[in-house]
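Chains, contacts and geometry: an overview
The chain contents come next:
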Amino acid sequence: MAGGDRKALDALLPLVYKELRRRAHFQLRNERPNHTLQSAALVHEAYLRLVGISSPQWESRTHFFAIAAQLMRQILVDYARRHGAAKRGASVPKLSLDEGMMMSRRKDVDVVALDDALIGLAKIDPRQSRVVELRFFAGLSLEQISEVLEIAPATVQRDWTAARAWLHREMSRNSRV
Amino acid sequence: MSTERWERTKQILEEALRIAPEQRPAYLDLVCGADSELRAEVESLIASHAEAGSK
């Protein structure tokens, strides 16, 4: 991606954050407790809207998703910690995942538990935690992740396989899956 | 766990998942040798992988 595009996108960051936050909170507020949130879909909608209003000359939409994944994670975890702190697990938003992204046979993932596990993983393997972040929070394919992180598809596949097993174990240990 | 050790764990896990389950003990004998901690870690991840689904 050209330097100018990156700059243009960075300038839009506050707008991206605001847009994602607005969409996420709107959805979370209007759902019943223990709702699920399709974060990848939200990120995608936000992208379409922002492209519509600002028409940036982004060569790489994957760069947008790379940033949006981090923002989305932050927004959801902040929300979950604020709203779920009192009643542990009661009204914490759950991520609804595509089948290919399932952590377990259950489709919903506790965002706070996932965040905790990812923080642990990042200490051992920061790149691998990025792979998971891009997959979970922006719904990128393994091919797109390979493009964003500039690593071989086989490496992404290996990271993803090991991360799923590792996270599943860590989250089961904390018995919050 | 150190980063190097985790890289090694990931490689062994990937290979172990690629081969047939009945071949895994022999493979783990070969690559883990006397390192029982490494072997236990890989075996634990193989179990979690199965629980999480095969995708």
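Computed from a predicted structure; not experimentally measured. All residue numbers refer to positions counted from 1 along the written sequence of the respective chain. By the order in which they are written, chains take letters starting at A while ligands take numbers starting at 1. Per-residue local features of the predicted model are confined to residues with pLDDT of at least 70, and side-chain atom pairs are confined, for both listing and counting, to 80 or more; whole-chain, interface and lining totals are unaffected and use all residues. Each side-chain value is worked out from all heavy atoms of the structure, with water and hydrogens disregarded.

1. Considerations on the packing of aromatic side chains
Defined as follows: Aromatic rings from Phe, Tyr and Trp, with only the six-membered ring used for Trp, were paired whenever their centres fell within 6.5 Å, and each pair was classed as stacked if the ring planes differed by under 30 degrees, edge-to-face if by over 60, and tilted otherwise. Secondary structure elements follow DSSP: runs of H or I of four or more residues count as helices, runs of E of two or more count as strands, with numbering from the N terminus. The classification of residues rests on relative accessible area computed with a 1.4 Å probe and restricted to protein chains. Under 20% of the type maximum is buried, over 50% is exposed, and intermediate values are partly exposed.
As enumerated under the stated definition, the model contains two aromatic pairs over all chains in all. A ring pair is formed by Phe136(A) and Trp160(A), whose centres lie 5.8 Å apart and whose planes are at 65°; its orientation type is edge-to-face. Remark: Trp160(A) occurs in helix α7 (residues 153-173) and Phe136(A) occurs in helix α5 (residues 126-138); sequence separation between them is 24 residues. You can call Phe136(A) buried: its relative accessible area is 2%. Assessed through its relative accessible area of 3%, Trp160(A) is described here as buried. Seen in terms of ring centroids, Trp166(A) and Trp6(B) are 6.4 Å apart; in terms of plane orientation they differ by 65°. Their pairing is edge-to-face.

2. A few points about the packing of α7(A) against helix α1 (residues 3-18) of chain B
The following threshold applies: Fitting a line to C-alpha atoms yields each axis, with helices limited to the stretch in contact; the angle taken between N-to-C directions then spans 0 to 180 degrees. Roughly parallel means an angle under 35 degrees; roughly antiparallel, over 145; roughly perpendicular, 65 to 115; everything else is oblique. Note on definitions: a residue-residue contact is assigned when non-hydrogen atoms from the two residues lie within 4.5 Å.
Orientation of α7(A) relative to α1(B), taken along the N-to-C sense of each, is 95°, at an axis distance of 10 Å. Between α7(A) and α1(B), the angle is such that the two are roughly perpendicular. Across the interface between the two elements, Ala154(A), Arg158(A), Asp159(A), Thr161(A), Ala162(A) and Trp166(A) from α7(A) touch Trp6(B), Lys10(B), Gln11(B), Leu13(B), Glu14(B) and Leu17(B) from α1(B).

3. Some words on the interface of chain B and chain A
Applied cut-off: Note on definitions: buried area is the accessible-area loss of two parts on being combined, 1.4 Å probe, summed for both. For salt bridges, the criterion is a side-chain nitrogen of Lys or Arg within 4 Å of an Asp or Glu carboxyl oxygen.
With 20 residues of chain B at the contact, the number on the chain A side is 21 residues. For the pair chain B and chain A, the summed buried surface comes to about 1700 Å²; carbon and sulfur atoms form 51% of the total. Taken together, chain B and chain A are joined by five salt bridges. The partner of Lys10(B) in a salt bridge is Asp159(A), with the nearest N and O atoms 2.5 Å apart. At the level of elements, α1 and α3 (36-52) of chain B are the ones that each hand at least two residues to the side of chain B that touches chain A.

4. Here we look at unusual backbone geometry
Unlike most non-glycine residues, Glu150(A) shows phi in positive territory, near 55°. With respect to the helices and strands, the residue Glu150(A) is situated in the loop between α6 (142-149) and α7.

5. Describing the confidence of the model for chain B
Detail in the predicted coordinates should be disregarded across regions flagged by low pLDDT. Residues and elements named next belong to chain B. Filter applied, for reference: Values of pLDDT, which run from 0 to 100, indicate the predictor's confidence residue by residue.
Per-residue pLDDT for chain B averages 92, and the proportion of residues at 70 or more is 96%. The element-level mean pLDDT for chain B is lowest in α3, coming to 94, with helix α2 (residues 24-32) highest at 97. Reported for the predicted complex are a pTM of 0.78 and an ipTM of 0.89.

6. As for the packing of α1(B) against α3(B)
All names here are of chain B. Spelled out, the test is: When the near helix sits turned anticlockwise from the far one by under a right angle, the crossing is termed left-handed; a clockwise turn instead gives a right-handed crossing. For this classification, Asp, Glu, Lys and Arg are treated as charged, while Ala, Val, Leu, Ile, Met, Phe, Trp, Tyr, Cys and Pro are nonpolar and the rest, including Gly, are polar.
One can describe the packing of α1 onto α3 by two numbers: an axis separation of 10 Å at closest approach and a directional angle of 55°. One finds that α1 runs oblique with respect to α3. Pair α1 / α3 crosses with right-handed handedness. From α1, Arg5, Trp6, Thr9, Ile12, Leu13, Ala16 and Leu17 reach across to α3, where they touch Glu37, Leu38, Glu41, Val42, Leu45, Ile46 and His49. Of the residues assigned to the contact of α1 with α3, the class counts are nine nonpolar, two polar and three charged.

7. Some words on the confidence of the model for chain A
Per-chain confidence: chain A averages 75 in pLDDT, with 68% of residues scoring 70 or above. The low-confidence segment residues 102-106 of chain A, where pLDDT is below 50, has 19 contacts with residues more than four positions distant or belonging to other chains.

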